[in-house]
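# Close look at the chain arrangement
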Amino acid sequence: MMNCSLFKITNLKGLRAINRHSIYQRFSRNNHWSKYSYVCGATSDPLKAYTIGGVFNDNVQQIPDLEFLVSRHENKRYTFAAMDSEVDKLCKSFNAVGLKHGDRVGIWMPNCVLYFIAIIATARLGLILVNINPAYQADELKHTLTLTDVKCLLTLEKFKTQNYPEILEKVDPDIWKRPPNTPIESKVMPTLKSVIFDSENHINGAYNLQTFFDLGFNSNYSIPNVQPDEGCIIQFTSGTTGKPKAALLNHFGLMNNAYSIMKRLGVHDDLIEGKSHKFCNPMPLFHASGLSIGVLGPLISKAAIFLPSAHFDPKAAVDVLTKEKCTFLFGTPTIHVDILSVFEKLPPELQDNDLKFGITGGATCSPILMTKFNKMFPRAKILSLFGMTETSPCTFQSFSNDSDEKVQSTMGFIQDHVEAKVVDANGNMVPFGTPGELLIRGYLNMNGYFNDEEKTKETIDSNGWLHTGDQFVLYEDGYANHVGRLKEMIIRGGENIFPKEIEYFLESHPLISQVQVYGVPDDRMGEEVCASVIVKEGATVTEAEIKAYSKGKISHFKIPKYIFIEKDGFPMTATGKVQKNRLSEIALQRISSLA
């Protein structure tokens, strides 16, 4: 790799001004390599040997009485000291059931206080927390638990239409033959030994939460020497094989990235000046952004976190913004659109708020969204952020004083300490302004895909570059824009969906012969899932029947909104490959005719 020496042009008003906005340029304009798409986020602020547990413990010692977490839907509020007491209880119980350093603990629930306690308790004990989408059905859950060898599972009894004991029973009916409050013995999931339901009921083969806490009442535990580079959290990300992959993230990457995000937002500057912040977190905690910006960022910057609801509810989010006076709101463009739609219906006297920034990720900020946001929150600014699960997650982020045009037209500026380059199909760097695949290198890259060395090697090459599969344009000023995806991922309301998994599932329908799944643009969700289906000879099936077949078998957000029965086959290339782009064009024409 060429010399990536950079220098900073800064104003001279002190470190806080530098932190707010630094301009990076290259030394040698005559250098042959200076025209190629490579940038490095230079900074004088060094990386630090953080661990999640270490940062939390420091806060408990330094600011025990400062408010840390408010769960509005549970009507619970915790200072750092109060949260430490709950974390201690859970650590004792984990110890009582024999969990050891490096064991995996699954958490399968929506946003709640227990989720926060589990994040910190597992980090303190050197355990690895496995985040599981609460919408998962039996096959998805089985894949998750067996791939990561989960030893202990925290979950609910019921949430929305989900009945978690029933779903677990579909995975392995035998585990419920044991009496309540006893270890599990499962041939299907041999490593799983304990299931804990956040419930007052006693369920066969499982502990309820109070009984689980009672187990640890007289237990003591020792805190292991947890290292920053250790894996601590597994986030699932879909893969082209059709099954989600388990990205193992480490303390060092997660916490330094969270610190960098907060620094660019100016949170650390405000902390120096004695200003405290309140983060409204409507994002699910099993998402990388919900974890990073919604938990770890506020943790490292001593800010308070507010959970409006168990799952996204725009009315609850608006209630938190106006009544708790939150200063930061983040989410996908879809979340912002829905919150603004509720906020604008409030009478003027109820619209009072202290919002400073809205942060949007997963897609560029549209002019319509920005205009509406600026109208509803004239004292606040909306900013862009880009990342992916495998990069802990943020690689590009807007500055607080970026112009509206810059926020709309880019995904932000390269993050501190991060290298990025854009390459062609042969792996060669392309000139600035030319589309190609985005590659990332730095402290923030995942340890790898858990129990999948082959996929890890496909994603992170021998030089340490992580191949994102995203098509980007990189500009010479350090900003970048996401212009497409080399992979066929669909981003629906911030949910990353890969067609292959849905295709495999729909092909299990007894009357379906072939399936092609793809995304189509949608004003609200960004993209919607669309499926083109060829049925078996002599068979007939309707769109409604396919949706009914899917319900309860795959997550609701993966069920295609639009299903077309193709009688003339799929459009093909000269080499016999299905033209998904053509299917998408045809689908848009059909959708328009239905409107």
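Calculation notes
Residues numbered from 1 in each chain as written. Predicted model: local features only at pLDDT ≥ 70, side-chain atom pairs only at ≥ 80, totals over all residues. Heavy atoms only, no water. Pairing = 2+ DSSP bridges. Helix = DSSP H or I, 4+ residues; strand = E, 2+ residues; numbered from the N terminus. Axes fitted to C-alpha atoms, helices over the stretch in contact; angles between N-to-C directions. Contact = heavy atoms within 4.5 Å. Core = buried A, V, L, I, M, F, W, Y, C linked by side-chain atoms within 4.5 Å. Buried < 20%, exposed > 50% of the residue type's maximum accessible area, 1.4 Å probe, protein only. Polar contact = N/O pair within 3.5 Å; in protein donor to acceptor, adjacent residues only side chain to side chain.

Right, let's get into the sheet that holds strand E29 (residues 512-522). Read from one edge of the open sheet, 3 strands run E29-E30-E31, paired in mixed fashion. The outermost strands of the open sheet, each flanked by one partner alone, are E29 and strand E31 (562-565). With direction set aside, neighbouring strand axes in the sheet form an average angle of 20°. Direction of pairing for E29 relative to strand E30 (residues 526-535): antiparallel, over a ladder of 10 bridges. Paired with Asp 522 across the bridge in E30 is Gly 526.

This part is about the side chain of Ser 555. Note that Ser 555 resides in the loop between helix H17 (543-550) and E31. In this structure Ser 555 touches Ala 135, Tyr 136, Gln 137 and Glu 140, once residues within four positions along its chain are discounted.

In terms of nonpolar packing, the biggest core is built from 135 residues, with Phe 68, Met 83 and Phe 94 touching the most fellow members. If you tally residues by element for this core, the top one is helix H4 (residues 113-125), at 11 residues. When near neighbours in sequence (up to four residues on either side) are disregarded, Phe 68 contacts Phe 56, Tyr 78, Thr 79, Phe 80, Met 83, Phe 116, Ile 120, Leu 299, Ala 303, Ala 304 and Ile 305. In terms of nonpolar packing, the next biggest core, distinct from the first, is built from 21 residues, Phe 252, Phe 413, Phe 432 and Ala 480 among them.

Right, let's talk about the pairing of strand E25 (residues 466-474) for a bit. Counting buried positions over the 9 residues of E25 gives 7, a clear majority of the element. Two strands pair when backbone bridges link them, and strand E23 (residues 436-441) and E25 are joined in this way by 4 bridges, in the antiparallel orientation. Among the inter-strand pairings, Leu 439 is bridged to a residue of E25, identified as His 467.

By the criterion of burial, helix H11 (residues 314-323) is predominantly enclosed, with 7 of the 10 residues buried. Where H11 is buried, its residues contact strand E15 (278-280), strand E16 (304-307), strand E17 (328-331) and helix H12 (333-343). N-capping of H11 is provided by Asp 313, with a side-chain oxygen placed 3.0 Å from the backbone N of Lys 315. The first or second residue beyond H11 is Lys 325, which carries a positive phi of 60°.

Moving on, we get to the environment of Asn 201. Residue position: Asn 201 is located in the loop between strand E11 (194-197) and strand E12 (207-208). When the C-alpha positions of Asn 201 and Glu 157 are compared, they lie 8.6 Å apart, and in sequence the two are 44 residues distant. Residues in contact with Asn 201, not counting those within four places in the same chain, are Glu 157 and Asn 208. A polar contact of 2.9 Å, which involves the side chain of Asn 201, links it to the side chain of Glu 157.

Note that every value here comes from positions in space, so none of it alone points to a role or purpose.
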